[in-house]
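Structural characterization, general
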Amino acid sequence: MRNLRRRRSTYVRMTIASTASATACTDEPPREAREPRKSETVEIALARGTRSWALEVQDEDEVRLIPVSERALVFGSGRTADVRVHDKTVSAKHCEIRVVGGSGLAVHDLGSKNGTYVGGARVKEILATEGTTIAIGQTTLVCVALDEDDDDELAEPLPGVAGSSKAMRRIAAQVRRLAALSSPVLVAGETGVGKELVARALHTQGQRADEPFVAINVAALPRELVESELFGHERGAFTGAVTRRVGAFTEAEGGTLFLDEIGELPIDAQPKLLRALDGYEVRRVGAAGSGRRANARVVVATHVALQDRVVQGAFRRDLFHRLEVFIVDVPPLRERPGDVLPICRMLLAQMENEIGRRELTPAAIARLASHDWPGNVRELRNVLCRAADHARAARWLDASAIDRALRKTRKAPVELTAETAKECLAQHGGNISAAARAAGVARTTFRKALGSELAPGPRKAR
C-alpha cells in the first residue's frame, strides 16, 4: 500500500494472524502443517480509484501479468486453479483474488498449507493496493495498477540482469532499441541498482558485442591521472610516466567505454571528453601531432542529478547535453518489489560455495519484499549473508533470521507522528506489526501514533 493518495477514501477490513502466531509460523520451512491461529480485524483508510488491475506473477518458471477483475480468480498449483502457479510449495487452491470497487484487490487465503503472506505476516484476508507484494510459497504476486494508456513495450528480461518486473522489462525493451545505435547513453539510478549490468547489456545486445567492454569508475581515479587514464600518455609526459599508455578510449576501440560515476569527473578534464564525444581528434598526454578519433561507444552512469551539478558549476552544461541523448532510468528496488525474490535466488546461487545451499521461507520472502532497501541490491546481498550466518547450518532462511539481519541496516529512527505512521502502514500493506518493526517501536506505541487513522470504530476480534 505504498502509493496512498490523500483523496476521497473508504474504509476496508483485513484479517491478519496475531503477532505471536505469525512469528511462530515464520520459523518453519514450507510444506509443513500448521495449527490454526487467532486473528484480528482492523480497518484502515484506502483511496478510491478507477484504474484496472493486474498481478505480476513470478514463480519458478516464468513471469506473467495476469489481469484481475471483480470475478474472483483462484491461484494455486492444481489443474483446477484459474491461474496455475508452477511452485511445489503452493497449495492446489491457495488463495483467491478479485477487484473490490476499483480501490484495490481483495485477497482471501483458501486454507493453504504454507500460508499467504504480506509484509512478513500470515494473512487470511487483506485488501492490497498498488505495489503490495503477496508471497505464496516461493512465488510472489505484485499488485499493478494499469492506466488506459499504459501500452509501453515490454520485452524479455536482459541476460545477466535478475528481475522480470514490468519496470525491468520496459527497460529491457529500451536497452535493445538503444543497443543498435552508437550515440552516448546515460544510465541513471541510485547506488546499487545495477547500472553497470545495464551498461553491459547495451554492449552485448548490439553489434559491438564481440569488441572490448572497458569499465572505469571515474570517482576512483586520482584527479591528476584522469586524462591519462582516459586518453593515454607518452613516455616521459609527466613524473612517473615510465612507459607509453594508450588509454581507455583506445582499449575500447570498436567496443564500449563505460564511465561510472561520471558526475565526479573533474571539471578540467571535461572539455577533452566533450571533444572526443563530438568526433574530434584527441591527443594523448604529451603527444605531438593531431591525435586520433575515438571509435568507442560511450555509456556513462551516475547516481546524482547531473543537472544539479551543472547548476552548481561542477559539470559543464554542453557536456551534460551531449551525454543526455538517451537516458535509461533504473528504478530502485523499493519500486519493484517483485524483483526481490529472483534477485535473492541469483545472489544465493552466487554465494552457495561460501554459505551453502539456502532457501527462503514464504514469510522471509514477504519480509524482504516489504523492506525499502535504501542500499538496493548491495544491501540485499549483505542482509542475505547475515541471515545465513544467523541461521547457522539450517537450509531454510526464515523470517526471524531476516529480521535479525535487517536490524543492522535500519535507518535512524524518525519522529513518529500520525502522518508518518500512516505512511509506514501503507508501505507495509496495512500490516501493523510489520510497520511497527520498520519504525523501530512497539506495536502498541505504533497504534497510539495512528490514533484515529486506524478506524472510525473500535477494533474487532474474531
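Owing to the predicted nature of the structure, the values given are computational and were not obtained by experimental measurement.

**Considerations on the pattern of salt bridges**
Per the stated rule, a full pass over the model turns up 11 salt bridges. Note that D278 is salt-bridged to R322, the shortest N-O span being 2.8 Å. Of this pair, D278 sits in the loop between α6 (270–277) and β16 (281–282) while R322 sits in helix α8 (residues 317–323), placing them 44 residues apart in sequence. Here D278 falls in the partly exposed class, since its relative accessible area comes to 39%. One continuous salt-bridge network, built from bridges that share partners, spans D59, E62 and R64.

**A short note on the pairing of strand β15 (residues 256–260)**
Burial analysis of β15 places 5 of its 5 residues in the buried class, which makes it a mostly covered element. What you see with β15 is no split at all: T256, F258 and D260 on one side and L257 and L259 on the other are buried throughout. Relative to β15, strand β14 (residues 213–217) runs parallel, the two being bridged by 5 bridges. Bridge assignment links F213 to a residue of β15, and that residue is T256. Sheet analysis places β15 next to strand β18 (residues 297–302), joined by 4 bridges and oriented parallel. By the bridge assignment, T256 is partnered in β18 with R297.

**Digging into the packing of aromatic side chains**
Tallied over the full model, the rule gives 2 aromatic pairs. Both rings, one in F213 and one in F258, keep their centres 6.2 Å apart while their planes meet at 20 degrees; by these two values the pair is stacked. Residue F213 is found in strand β14, and its partner F258 is found in strand β15; the two are separated by 45 residues along the sequence. As far as burial versus exposure is concerned, F213 and F258 are alike and both buried. Taken together, a centroid distance of 5.2 Å and an interplanar angle of 5 degrees make the contact between F231 and F249 stacked. Placement of the pair is F231 in helix α4 (residues 226–231) and F249 in helix α5 (residues 248–251), with a sequence separation of 18 residues. On the basis of relative accessibility, which here comes to 6%, the residue F231 falls in the buried class. With a relative accessible area of 5%, F249 lands in the buried category.

**Side note on the pairing of β18**
With 6 of its 6 residues buried, β18 lies for the most part within the structure. By the alternation rule, side chains of β18 split into R297, V299 and A301 and V298, V300 and T302, which are all buried. Where strand β13 (residues 185–188) meets β18, 4 bridges bridge the pair, whose relative direction is parallel. Residue pairing in the sheet places V185 in a bridge with V299 of β18.

**A closer look at helix α2 (residues 166–178)**
Spanning 13 residues, α2 covers 19 Å between terminal C-alpha atoms, matching the ideal 18 Å at 1.5 Å per step. All buried positions along α2 are accounted for by K166, M168, R169, I171, A172, A173, Q174, V175 and L178.

**Quick notes on helix α14 (residues 418–427)**
Those residues of α14 that sit buried are A421, C424, L425 and A426. Two residues or fewer past α14, G429 is found with a positive phi of approximately 65 degrees.

**Some thoughts on the packing of helix α9 (residues 340–350) against helix α12 (residues 376–390)**
Between α9 and α12, the least distance of the axes is 10 Å, while the angle of their chain directions is 60 degrees. By the angle class used here, α9 and α12 are oblique. Note on packing geometry: the crossing formed by α9 with α12 is right-handed. Mapping the contact onto sequence places V340, I343, C344, L347 and L348 in α9 and V377, L380, R381 and L384 in α12. Of the residues in the contact of α9 with α12, the class split is 8 nonpolar, no polar and 1 charged.

**Brief notes about the packing of α14 against helix α16 (residues 443–450)**
Contact pair α14 / α16: the axes reach a minimum separation of 8 Å and the direction vectors enclose 115 degrees. Considering only the axes of α14 and α16, their crossing is left-handed. Packed against α14, whose contacting residues are A418, A421, K422, C424 and L425, the element α16 presents F446, A449 and L450 at the interface. Each residue belonging to the contact of α14 with α16 can be placed in one class, and the counts come to 7 nonpolar, no polar and 1 charged.

**Considering the confidence of the model for the protein chain**
On average, residues of the protein chain score 81 in pLDDT, and 78% of them reach the 70 mark or higher. Below pLDDT 50 for its whole length, residues 1–15 participates in 68 contacts with residues either more than four positions away or in separate chains. For the stretch residues 455–462, pLDDT sits under 50, and the model shows 16 contacts to residues farther than four places along the chain or on other chains.

**Description of the nonpolar core**
Counting residues in each nonpolar core, the largest one holds 32 residues, and the members touching the most others are L360, L368, W373, L380 and L384. Of all the elements in the fold, those that place two or more residues in this core are α9, α11 (362–370), α12 and α13 (399–406). In this view, L384 contacts C344, L347, L348, M351, L360, L368 and L397; residues no more than four positions away in its chain are not counted. Residues L257, L306, V310 and F320 belong to the second largest nonpolar core, which totals 29 residues.

Quick notes on the rules
Residues numbered from 1 in each chain as written. Predicted model: local features only at pLDDT ≥ 70, side-chain atom pairs only at ≥ 80, totals over all residues. Heavy atoms only, no water. Salt bridge = Lys/Arg side-chain N within 4 Å of Asp/Glu carboxyl O. Helix = DSSP H or I, 4+ residues; strand = E, 2+ residues; numbered from the N terminus. Buried < 20%, exposed > 50% of the residue type's maximum accessible area, 1.4 Å probe, protein only. Pairing = 2+ DSSP bridges. Phe/Tyr/Trp six-rings, centres within 6.5 Å; stacked < 30°, edge-to-face > 60°. Expected span 1.5 Å × (residues − 1). Axes fitted to C-alpha atoms, helices over the stretch in contact; angles between N-to-C directions. Parallel < 35°, antiparallel > 145°, perpendicular 65-115°, else oblique. Left-handed = near helix turned anticlockwise from the far one by under 90°. Contact = heavy atoms within 4.5 Å. Nonpolar A, V, L, I, M, F, W, Y, C, P; charged D, E, K, R; others polar. pLDDT = per-residue confidence, 0-100. Core = buried A, V, L, I, M, F, W, Y, C linked by side-chain atoms within 4.5 Å.

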